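Each chain, letter by letter, is given below.
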Amino acid sequence: MQTLSVSKYARNSFKKVTKVFCYSVFFVPTLAIANAQPISGEVVIDSWRNDNAIWEQTIIPAFNKHYPKIKVTYRSPADPSTFNQQLNSDLAKGEAGDLIACRPFDGSLALFKQGHFSDITEMQGMENFPSFALGPWQTDSGAQTFCLPMASVIHGYFYNKTIFSELNLQVPATTTEFKQVLEKIKASQRYVPLALGTKDKWEAATMGFQNIGPNYWHGEDGRLGLIQAQQRFTDPAYLNVYRELASWRPYLGNNYQQRSYANAIELFKTGKAAIYPTGSWDISTFANSVDFGVFAPPVVNKGDECYISDHTDLGMGLNTASEKNVAATVFLQWMTTAEFAELLTNAIPGFFSLSNHFFDVKHPIANEMMTWRNNCDSTIRNSAQILSRGTPDFELQLWETSAEVLNGTMTPEEAVTTVQIGLNSWYQPQRDAKTLAEMCQAITPMAASVQPLMSTDPSL
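Bear in mind that the values here come from a model prediction, so they are computed numbers and not experimental data. (Residues numbered from 1 in each chain as written. Predicted model: local features only at pLDDT ≥ 70, side-chain atom pairs only at ≥ 80, totals over all residues. Heavy atoms only, no water.)

Attention now moves to helix H14 (residues 338-347). Of all ten residues in H14, eight are buried; the element is thus mostly enclosed. Buried residues in H14 make contact with helix H2 (52-64), strand E4 (148-160), helix H13 (326-334) and strand E9 (352-353). (Buried < 20%, exposed > 50% of the residue type's maximum accessible area, 1.4 Å probe, protein only. Helix = DSSP H or I, 4+ residues; strand = E, 2+ residues; numbered from the N terminus. Contact = heavy atoms within 4.5 Å.)

Dropping the structure here:
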């Protein structure tokens, strides 16, 4: 069996101080290079994110202050879901951008193995990123880095402040309090308690399962437990996540099975829904449309340790075909500076820089979500690394099962069994792992002589 190197996030890995620190130190060397060696050229950036206006009006002009002779073009598809297919086509035809946005872990790793991303391990500026930030864009051994870490996103809930005030609701801290809030909203018959649908399926998993799950499987302990086959998907933690999802059904409103991601956004934006399960990536979506606050996924019991999905979401890679494009490398190196980190974080609220640089986070909702790192352990989506390399795809199974549980067409018990069977079908560590029942059966003969003593232990 192949040995995989998987780094565990330290408790404080994601914690960041939001105070400006030695701001100019980080990009003065870049300016010196520009003055000594004026560089001209063109750089095309490909990304699935429709942030064209921000790049064109804020980020690229800031870069051009240092490198006025480099023309930078940011491209993104009208429909982000088409990006992967278009990128593969463009790479095959030699028409892909010089710099390419990278999703974390396996998708980008596959492109690196196919020779499409350059090895940037030793590129100047990479020292500005801690190991946890580099991990999602490194080979399993950690020896090679193929994308520059850019940003993470944090999961949580947005809530309509006006509705909460009108109904005299308090922000919930536990799952019991959360249910009480949902019940009061439903009883008012004025608003949809939860703006979430199952038509697109992915949001049932991303904004449902992955949002609340870390509090059940204890963040990194659970994620790594699945990878290392020390845990099974049929364990109580995962079953309880689906049970929690199933309990949301009465609060999703009419016809939620036909509600798309865009429909759910519109429902919350227009004030017709009270709570929107989502993540920091949607902060800008509601700018100037609704007065909203944010709360972290509630824990099961008051006083429980909390965990948040602080997902390393976005990186940037150098197209191997553009290695000789000096301008592309210069832009990528500029992206390692504090100047870029602050521009990105504040221009696109909810996308938090993964660099070591310190700076103020200006958006109040983004800043509040970032403070959760001070009290909760961070993890990433458990489908991101290794477990989605086979068939059936673990990520897609989570989409399907989460949507079906929310729809009531699959029980939580059926969901965990379906996903576990999928893992067993291709992932050798899970296939070889013994269940708790099997391990107990194996040690029964050895323990027979002490069985009476063991049976008196109330913890068993």
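In this section: the pattern of salt bridges. What the rule picks out here adds up to eleven salt bridges. Note that aspartate 46 and arginine 75 form a salt bridge whose closest N and O atoms lie 2.7 Å from each other. You can see aspartate 46 sitting in strand E1 (residues 41-46) and its partner arginine 75 sitting in strand E2 (residues 70-75), a full 29 residues away along the chain. By relative accessible area, which is 6% here, aspartate 46 ends up buried. Judged by relative accessible area, arginine 75 falls into the partly exposed class, the value being 34%. The closest approach of N and O atoms between glutamate 400 and lysine 201, which form a salt bridge, is 3.0 Å. Of this pair, glutamate 400 sits in helix H16 (residues 394-407) while lysine 201 sits in the loop between strand E5 (192-194) and helix H8 (202-212), and the two are 199 residues apart along the sequence. For glutamate 400, a relative accessible area of 35% corresponds to the partly exposed category. Among the residues examined, lysine 201 registers a relative accessible area of 32% and is labelled partly exposed. Linked by salt bridges that have partners in common, Asp106, Asp140 and Arg389 make up one network. (Salt bridge = Lys/Arg side-chain N within 4 Å of Asp/Glu carboxyl O.)

Right, let's talk about the pairing of E2 for a bit. Going residue by residue along E2, you find Ile70, Val72 and Tyr74 tucked away on one face and Lys71, Thr73 and Arg75 left uncovered on the opposite face. In terms of strand pairing, E1 meets E2 through six bridges, oriented parallel. Along E2, the bridge assignment pairs glycine 41 with isoleucine 70. Note on the crossover from E1 through H2 to E2: the handedness is right-handed. (Pairing = 2+ DSSP bridges. Right-handed = clockwise from strand over helix to strand, strands pointing away.)

What follows deals with the packing of aromatic side chains. Enumeration over the complete set of coordinates arrives at 34 aromatic pairs. Ring centres of tryptophan 334 and phenylalanine 340 lie 5.5 Å apart, and the angle between their planes is 65 degrees; this geometry places the pair in the edge-to-face category. Like tryptophan 334, the residue phenylalanine 340 is buried in the burial classification. Above the ring of tryptophan 48, the side-chain terminus of arginine 103 is found at 4.1 Å from the ring centroid. (Phe/Tyr/Trp six-rings, centres within 6.5 Å; stacked < 30°, edge-to-face > 60°. Lys NZ or Arg CZ within 6 Å of the ring centre and 35° of its normal.)

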